[in-house]
Amino acid sequence: MALLGQSWLVSILTDTYGDVPYSKALLGRDSLILEPQFDKQQDIYRGMFEKFEEANQLFKGGDAIEASSDPIFAGDILKWRKFSNSMYLRLLLRVAHKEEVGADAIKKIKEILEDNPSEYPIMTSNSDVAVLRWTGQGAYLSPFMGTRAQDFRATSLASFFIDHLRDWNDPRLNIPEYGTSGINRLGIAPVSGNYVGVESGYAAGNAEDYTKMSYFYSYDQNAGVNSLQTEPLTGMLMNYAEVEFIKAEAIIKGWISGSAETYYNSGVENNIKLWIPNWALPVQDYLTNADIQWDEGKAVAQKMQTLHLQKYYALFTVDLQQWFEHRRTGYPVLPKGPGLNNNGEMPSRMVYPVIVQSSNPKSYKEAIANQGADLINTKVWWQKP
């Protein structure tokens, strides 16, 4: 579990910043290494893959742990093993296009999904999703509760996010059938009976009237019913729908056999049912009515757009994965309003925190000499051609 947890944390750090301390990190107490060197991202990924392999074998032993000590899977070691191998798949996919490691990554993806699945069990239903559910008690308090209620509900939703859900007649916006106390499952406020989003990237000084835009309810409205501030599912680490979309992409790219449509449909259905377990409409009817059904005759680029638009919603509240996946694929295609900075380009990374520059200057300088300038447009290793 520690190997998995370390790899999960480091994957977010390296995909956010690029090169970060890894092999010499966390050694301040025992080895007095207070200014650790930054490892190259390629080496970090290699190290994480080794940890996933080791974790799989350790989980295979099935040693029990106290259910009360496990807030994610209540002591179910098989679910931990599935989570670990599913995250392994996520990160293998992220580097499968890189010439220096791609062949091995694709081979391992095929081994996990097709050649030797019994050795690498992965998530097979929504009962396997990894969620640190916020209970509101003790340490399990949602970080969204750190935002003042009036600030949380004062932010308008982007039209790209809300308009699709509205136009698809998505059940997560259905108040009467799947809502609670007049609030839909995602805790989004309608405006005059409709859902309206603000233009993405509007020009400075041209903001629309936010009082006429949909927003997320705060916890103090309607006794906090269906507010993302208190929603347990916002503690999402990884879900089953993401795994199904990974399979679909692997088929599109010819790495494994099967039906991309089957996994696409499953991903859509299970993402909705994660939020609304009692949703009863056949997924094919939903997709057809929304005109987002799979079309095997489309070009690869069109399939990727269709797939990753749905994956975008599956990754909602899953740390920074939407950003990582968009950087990897360029999908879904996002609107570029006239007010966007950086020439309308999606940042490739975040700059290192100032405290890193002041507390570890030597290693910081070595890192930017290796990776490139400490700027938002400097591509990390897996983004470079």
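Bear in mind the structure is a predicted one, so any value in this text is a computation, not a measurement.

With that settled, the discussion passes to the overall build of the protein. In terms of helices and strands, the protein carries 14 helices and six strands. Taking 2.2 N^0.38 as the reference for a compact globule, 385 residues should give roughly 21 Å; the C-alpha atoms of the protein span a radius of gyration of 22 Å, in line with that estimate. For the protein, the spread of C-alpha atoms along the three principal axes comes to 60 × 50 × 50 Å. Across the 385 residues that make up the protein, the buried fraction comes to 50%. Here the analysis covers contacts within the protein between residues at least 6 apart in sequence; of these, 68% occur between residues at least 24 apart. Total accessible area on the protein stands at roughly 18100 Å², and carbon and sulfur atoms take up 53% of it. Of the side-chain charges in the protein, 36 are positive and 45 negative, and the distance between the mean point of each set is 3 Å.

Further remarks concern the packing of helix 1 (residues 2–17) against helix 3 (residues 77–95). Interaxial distance between helix 1 and helix 3 falls to 11 Å at its minimum, and their mutual angle equals 25°. Viewed along their axes, helix 1 and helix 3 adopt a mutual orientation that is roughly parallel. Read as a crossing pair, helix 1 and helix 3 show a hand that is left-handed. Seen from helix 1, the contacting residues are Leu 4, Trp 8, Ser 11 and Asp 15; seen from helix 3, they are Trp 80, Phe 83, Ser 84, Met 87, Leu 91 and Arg 94. A per-class count over the contact of helix 1 with helix 3 returns six nonpolar, two polar and two charged.

Attention now goes to helix 1. Counting along an α-helix, one turn takes 3.6 residues, and residues three or four places apart therefore face a common direction. The end-to-end C-alpha distance of helix 1, which contains 16 residues, comes to 22 Å, matching closely the 22 Å that a straight helix rising 1.5 Å per residue would cover. Burial in helix 1 covers these residues: Leu 4, Ser 7, Val 10, Ser 11, Ile 12, Thr 14, Asp 15, Thr 16 and Tyr 17. In this fold, the buried residues of helix 1 make contact with strand 1 (20–21), helix 2 (41–60), helix 3, helix 12 (321–329) and helix 14 (361–371).

When we look at a pair of aromatic rings, we describe it by the centre distance and by the angle of the planes. With the rule as written, the count across this model stands at 25 aromatic pairs. Between the aromatic rings of Phe 52 and Tyr 88, the centroid separation amounts to 5.3 Å while the plane-to-plane angle is 15°, which identifies the pairing as stacked. Note that Phe 52 is positioned in helix 2 and Tyr 88 in helix 3, a separation of 36 residues in sequence. Of the residues examined, Tyr 88 reaches a relative accessible area of 3% and is grouped as buried. Between the aromatic rings of Phe 144 and Phe 152, the centroid separation amounts to 6.0 Å while the plane-to-plane angle is 65°, which identifies the pairing as edge-to-face. You can call Phe 144 partly exposed: its relative accessible area is 32%. Above the face of the Trp 382 ring, Arg 94 is positioned so that its terminal group lies 6.0 Å from the ring centre.

Turning to the packing of helix 8 (residues 240–252) against helix 9 (residues 260–275), a few remarks are in order. Close contact between helix 8 and helix 9 brings their axes to 8 Å; oriented N to C, the two are set at 165°. Comparing the axis directions of helix 8 and helix 9 gives the class roughly antiparallel. In this structure, helix 8 meets helix 9 at a crossing whose hand is left-handed. When helix 8 is examined against helix 9, the residues Tyr 240, Ala 241, Glu 244, Phe 245, Lys 247, Ala 248, Ile 251 and Ile 252 are found in contact with a partner set consisting of Ala 260, Tyr 263, Tyr 264, Ser 266, Gly 267, Val 268, Asn 270 and Asn 271. Split into classes, the residues belonging to the contact of helix 8 with helix 9 amount to 10 nonpolar, four polar and two charged.

Over its 20 residues, helix 2 runs 28 Å from end to end, which matches the ideal 28 Å to within 8%, given 1.5 Å per residue. Residues of helix 2 that are buried: Gln 41, Ile 44, Tyr 45, Gly 47, Met 48, Phe 49, Lys 51, Phe 52, Ala 55, Asn 56 and Phe 59. The elements touched by buried residues of helix 2 are helix 1, strand 1, strand 2 (38–39) and helix 3. One or two residues past the end of helix 2 sits Gly 62, with phi positive at roughly 70°.

With that settled, consider the side chain of Thr 378. Within the secondary structure layout, Thr 378 lies in the segment after helix 14. In terms of polar contacts, Thr 378 uses its side chain to reach the backbone carbonyl oxygen of Ala 373, at 2.6 Å. Not counting the four nearest positions on each side in its chain, Thr 378 is found in contact with Ser 348, Arg 349, Gln 371, Gly 372 and Ala 373.

Counting 94 residues, the largest nonpolar core has Phe 83, Phe 161 and Ile 188 as its most contacted members. Looking at this core element by element, the count peaks at 10 residues for helix 3. Once residues lying within four places of it in the same chain are set aside, the contact partners of Ile 188 are Leu 157, Phe 161, Ile 162, Leu 173, Tyr 195, Ser 214, Tyr 215, Phe 216 and Tyr 217.

What counts as what
Residues numbered from 1 in each chain as written. Predicted model: local features only at pLDDT ≥ 70, side-chain atom pairs only at ≥ 80, totals over all residues. Heavy atoms only, no water. Helix = DSSP H or I, 4+ residues; strand = E, 2+ residues; numbered from the N terminus. Rg over C-alpha atoms; globule rule 2.2 N^0.38 Å. Buried < 20%, exposed > 50% of the residue type's maximum accessible area, 1.4 Å probe, protein only. Contact = heavy atoms within 4.5 Å. Areas by Shrake-Rupley, 256 points an atom, 1.4 Å probe, with all protein chains shown as cover. Lys, Arg positive; Asp, Glu negative; His and termini not counted. Charge placed at Lys NZ, Arg CZ, Asp CG, Glu CD. Axes fitted to C-alpha atoms, helices over the stretch in contact; angles between N-to-C directions. Parallel < 35°, antiparallel > 145°, perpendicular 65-115°, else oblique. Left-handed = near helix turned anticlockwise from the far one by under 90°. Nonpolar A, V, L, I, M, F, W, Y, C, P; charged D, E, K, R; others polar. Expected span 1.5 Å × (residues − 1). Phe/Tyr/Trp six-rings, centres within 6.5 Å; stacked < 30°, edge-to-face > 60°. Lys NZ or Arg CZ within 6 Å of the ring centre and 35° of its normal. Polar contact = N/O pair within 3.5 Å; in protein donor to acceptor, adjacent residues only side chain to side chain. Core = buried A, V, L, I, M, F, W, Y, C linked by side-chain atoms within 4.5 Å.

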